[in-house]
Amino acid sequence: MRFRRSTAVVALVVAMLSMASTPLRAMQAGDAATVAAVTKALSGNSELRRLKVSVAGSEATLTGRLPTLWHKLDAVKRALKVEGIKTVRLDVELPRQESDQDLALFLGPAIDRYPYYTMFDYIDAVIRNGTVTLTGWVLPTGKKAQELEEEVAKVRGVQEINNQIVTLTPSQNDDSIREDLFDRISSSEYFEELANVKNPPFRIVVQNGNVTLYGRVRGEVERRQLETFARYTSGVLKVDNKLQTVIQPKPKK
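Keep in mind it's a predicted model, so treat the numbers as computed, not measured. (Residues numbered from 1 in each chain as written. Predicted model: local features only at pLDDT ≥ 70, side-chain atom pairs only at ≥ 80, totals over all residues. Heavy atoms only, no water.)

K.L.:
Tell me about the layout of surface pockets, residues and numbers included.
P.N.:
Where empty space is left can be seen by rolling a probe of water-molecule size over the atoms. Roughly 540 Å³ of internal volume is contained in the largest pocket. Lining the largest pocket are 21 residues; nearest its centre among them are Asp 112, Tyr 117, Tyr 122, Ile 123 and Arg 216. If you list the elements that add at least two residues to the lining of the largest pocket, you get helix 3 (100-112), strand 4 (122-128), strand 8 (202-207) and strand 9 (210-217). Its residues assigned to classes, the lining of the largest pocket shows 12 nonpolar, 4 polar and 5 charged. (1 Å grid on protein atoms, 1.4 Å probe; cavity = no way out; pocket = protein on both sides within 12 Å on 5 of 7 lines; lining within 4 Å. Points joined across faces, edges and corners; volume = space filled by probe spheres on them. Helix = DSSP H or I, 4+ residues; strand = E, 2+ residues; numbered from the N terminus. Nonpolar A, V, L, I, M, F, W, Y, C, P; charged D, E, K, R; others polar.)

So, in structure tokens, the structure goes:
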């Protein structure tokens, strides 16, 4: 009798353990399926295929090395599109430039290559240990601030981006000021060759009737001329001239 009772107890324990392990196996199978789904989502970008993927519940962990911050951000976007993934944890290494100064050499051209960067947009950047802080103002057309961030993220060596670019508020008065200023500049003997240049050396920010001049000009005459154009344009309330003059080489005798 004792033997039978012991056998029954053992059978009961085995049954309970089997029942307890069933949800665990189901959970593991679910995680494996989600890993496969995340891996497939990442495979749409050839650089992301090298990442190692693990999943615990609704969190995916991506581990590995990628060439740029843009790839890192793209990996997060792709992973979050997978059903069941709510958060993404990254253990991803990015390459670095030798110094922030070296990184700056690549950053400026990347911003200038942005196809919708106009005379009436102004972007500045501060770099510290590979982290880029973007500041400035852009016209309220499209998604300029977001698209400029993406251009910077594609620069090799950028580790993080702090985007503080301000999108200007739509204003008919400000648009009228910009049109008048462009007409004055394009018809001026000093600037006519620069009016239609994709990346002129100076920038004009118009915000609520206030005009701020940034960038460089070839001398004090051009600096004052641009300020005069702004001051005598209808609708302008205030002008802040922050233009810098570039010293021109003296002609050889």
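Let's pick the thread back up.
K.L.:
Go over the pattern of salt bridges with me, naming the residues and quoting the values.
P.N.:
On inspection of all chains with the given rule, the structure shows 15 salt bridges. Across the pair Arg 223 and Glu 220 runs a salt bridge whose closest N-O atoms are separated by 3.5 Å. Of the two residues, Arg 223 and Glu 220 both sit in helix 6 (residues 220-231), 3 residues apart, roughly one turn of that helix. Note on Arg 223: relative accessible area 15%, which makes it buried. Owing to a relative accessible area of 40%, Glu 220 belongs among the partly exposed residues under this scheme. (Salt bridge = Lys/Arg side-chain N within 4 Å of Asp/Glu carboxyl O. Buried < 20%, exposed > 50% of the residue type's maximum accessible area, 1.4 Å probe, protein only.)

K.L.:
Quick rundown of the sheet that holds strand 2 (residues 59-65)? Include the residues and the values.
P.N.:
Taken together, the 3 strands give an open sheet; going across it, the order is 1-2-3, and neighbouring strands pair in mixed fashion. Each edge of the open sheet carries a strand with a single partner, namely strand 1 (52-56) and strand 3 (87-93). Strand-to-strand twist in this sheet, taken as the mean axis angle between neighbours without regard to direction, amounts to 15°. As paired elements, strand 1 and strand 2 share 5 bridges and run antiparallel to each other. Its bridge partner being in strand 2, Val 53 is matched across the sheet by Leu 62. Most of the contacts of helix 2 (residues 69-80) go to strand 3, to which it runs at about 150°, and overall it touches strand 2 and strand 3. (Pairing = 2+ DSSP bridges. Axes fitted to C-alpha atoms, helices over the stretch in contact; angles between N-to-C directions. Contact = heavy atoms within 4.5 Å.)

K.L.:
How would you explain the side chain of Asp 31 if you had to name every residue and give the values?
P.N.:
Structurally, the position occupied by Asp 31 is in helix 1 (residues 2-42). Here Asp 31 sits buried without a salt bridge, and the closest side chain of opposite charge, Arg 89, lies 13 Å off (N-O distance). Look past the residues within four positions of Asp 31 in its chain and what remains in contact with it is Val 55, Ala 56 and Gly 57. (Lys, Arg positive; Asp, Glu negative; His and termini not counted.)

K.L.:
Talk me through the packing of aromatic side chains; I want residue IDs and the actual numbers.
P.N.:
On inspection of all chains with the given rule, the structure shows 6 aromatic pairs. Judged by centre distance (3.9 Å) and plane angle (5°), the rings of Tyr 122 and Tyr 214 are stacked. Here Tyr 122, found in strand 4, pairs with Tyr 214, found in strand 9; they are 92 residues apart in sequence, far enough to count as distant. In terms of burial, Tyr 122 and Tyr 214 fall into one category: buried. Summarising the aromatic geometry, the rings of Phe 191 and Phe 229 are spaced 6.4 Å apart at their centres and angled 70° between planes, so their arrangement reads as edge-to-face. In this pair, Phe 191 is assigned in the loop between helix 5 (172-186) and strand 8 and Phe 229 in helix 6, connecting sequence segments 38 residues apart. Accessibility assignment for this pair places Phe 191 and Phe 229 in one class, buried. (Phe/Tyr/Trp six-rings, centres within 6.5 Å; stacked < 30°, edge-to-face > 60°.)

K.L.:
Can you lay out the side chain of Arg 178 for me, pointing to particular residues and giving the numbers?
P.N.:
Summarising the element assignment, Arg 178 is placed in helix 5. Residues within four places of Arg 178 in sequence aside, it is in contact with Phe 120, Leu 139, Leu 168 and Val 206.

K.L.:
Could you give an account of the pairing of strand 9, naming the residues involved and the relevant values?
P.N.:
Here strand 8 runs beside strand 9; their pairing, made up of 6 bridges, is antiparallel. In the strand pairing of strand 9, Val 206 is matched with Val 211. Between strand 8 and strand 9, which pair antiparallel in sequence order, lie 2 residues; one of them, Asn 208, sits at a positive phi of approximately 55°. Bridge count for strand 9 against strand 10 (residues 238-241) is 4 bridges, and the pairing is parallel. When the bridges of strand 10 are listed, Leu 213 appears paired with Asn 241. For the crossover from strand 9 across helix 6 to strand 10, the handedness is right-handed. Looking at chain direction, strand 9 and strand 11 (residues 244-245) are connected through 2 bridges and run parallel. (Right-handed = clockwise from strand over helix to strand, strands pointing away.)

K.L.:
Which residues make up helix 3, and what values do they have?
P.N.:
One full turn of an α-helix is made of 3.6 residues, so residues set three or four places apart face in the same direction. Here helix 3 spans 18 Å end to end across 13 residues, near enough to the 18 Å set by a 1.5 Å rise per residue. Within the span of helix 3, buried status applies to Leu 103, Leu 107, Ala 110 and Ile 111. (Expected span 1.5 Å × (residues − 1).)

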